[in-house]
Amino acid sequence: MARLRVVLLVYFLAACSKMLLLGSVRTDNPKVEANEFNEAFLSCIYNAQQKPNHRLEWKKIERGSGDVSFVYRMGDVIGALQNRAEMIDSSIRIKNVTRKDSAVYRCEVTSPSGHGEEVEIDLTVLVLPATPACDVPSSVMTGTVAELKCRENEGFPASQYEWFKDGVRLESQALSTSPSKSYTINEKSGTLLFNTVEKTDTGEYHCEAYNSIGRSRKCSAKKMQVDDLNVGGIVAAVVAVALIISLCGLGVFHAHKRGYFSRGHPSQKARSVYKSAPAKENEFKHTKSFVI
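(A) Region of the structure containing unusual backbone geometry. Put simply, Phe-156 and Pro-157 share a cis peptide bond, and its omega is 5°. Relative to the elements of secondary structure, Pro-157 occurs in the loop between strand E12 (146–151) and strand E13 (160–165). In this model, Met-74 sits at a positive phi of 55°, which is unusual for a non-glycine residue. Owing to a relative accessible area of 75%, Met-74 belongs among the exposed residues under this scheme. Phi at Asp-166 takes a positive value of approximately 50°, unusual for a residue other than glycine. Tracing the chain through its elements places Asp-166 in the loop between E13 and strand E14 (168–169).

(B) Inspection of the sheet that holds strand E1 (residues 31–35) at higher detail. Taken together, the six strands give an open sheet; going across it, the order is E1-E9-E8-E3-E4-E5, and neighbouring strands pair in mixed fashion. One side of each edge strand has no neighbouring strand; the edge strands of this open sheet are E1 and strand E5 (76–77). Note that strand E3 (residues 55–61) and strand E4 (residues 68–73) share four bridges and pair antiparallel. Pairing of Ile-61 across the sheet is with Val-68, part of E4.

(C) Spotlight on the packing of aromatic side chains. Tallying each qualifying case throughout the model produces two aromatic pairs. Judged by centre distance (5.9 Å) and plane angle (55°), the ring pair of Tyr-183 and Phe-194 falls under tilted. Of this pair, Tyr-183 sits in strand E16 (residues 182–186) while Phe-194 sits in strand E17 (residues 191–194), and the two are 11 residues apart along the sequence. Linked through ring pairs, Tyr-183, Phe-194 and Tyr-205 together constitute an aromatic cluster. Sitting over the face of the ring of Phe-70, Arg-73 holds its NZ or CZ atom 4.4 Å from the ring centroid. Between Arg-215 and the ring centre of Tyr-210, over which it is positioned, the NZ or CZ distance is 5.0 Å.

Criteria and thresholds
Residues numbered from 1 in each chain as written. Predicted model: local features only at pLDDT ≥ 70, side-chain atom pairs only at ≥ 80, totals over all residues. Heavy atoms only, no water. Helix = DSSP H or I, 4+ residues; strand = E, 2+ residues; numbered from the N terminus. Buried < 20%, exposed > 50% of the residue type's maximum accessible area, 1.4 Å probe, protein only. Pairing = 2+ DSSP bridges. Phe/Tyr/Trp six-rings, centres within 6.5 Å; stacked < 30°, edge-to-face > 60°. Lys NZ or Arg CZ within 6 Å of the ring centre and 35° of its normal.

The values are spatial; any link to function lies outside them.
So this is what it looks like as structure tokens:
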């Protein structure tokens, strides 16, 4: 029992000596969010009695890949932040942050004896949505399905979408008393879907993207024209085509009947020549007897 107490006391004294050498490394804000092109402050605080003898380093750990690169080493800011960051004591201030700066940053403090402590800060750069691309059909027929699309890939957090008709915002979902007149807006995918379009749906449509940072510029408004399906014209066209086909068939039938498509057989021609020969021979005999 006494030996266990001695072991525990040794471990306790070792931990205390480490704390005295380094101090407790901490941060005021382990999760930092900053709007793109603004400033971000990553704090790293420690209370060391012999501060000049400790080695301070900052590293950047990429999300996903886990690649590690130095940000601050041997008293200098290096890498991509060399001209955009400055040290304030042991903390770092990044100016004009971009979406590429989003990562986990690690502040490492190491004593001359090689004992080290570290703290990590997660930096997320928030990005305003870009102007979305709108896909609006120029012409559709009544009673058909129409799909309008809106999309952009720059915003973070991911963008949501709103649709406007003739400058008036459309509700995310609208169902009238008539089941045929309905549409649905998927705010996450940016799709405006008309189940069955009507002539009253004709108009100019545009969309906007937004997230927690703000709104994008609207895409250029595009007109969707809804026209009635011309049933009478379709029937007339079908009848006309059928009449033309009938007349062509009748003409072919009469031509075949008159023999325009038949070819004379060689035996028939020979037979006709053979029949005419006796007539010439009789003629010859008659002339011969006349001479005698």
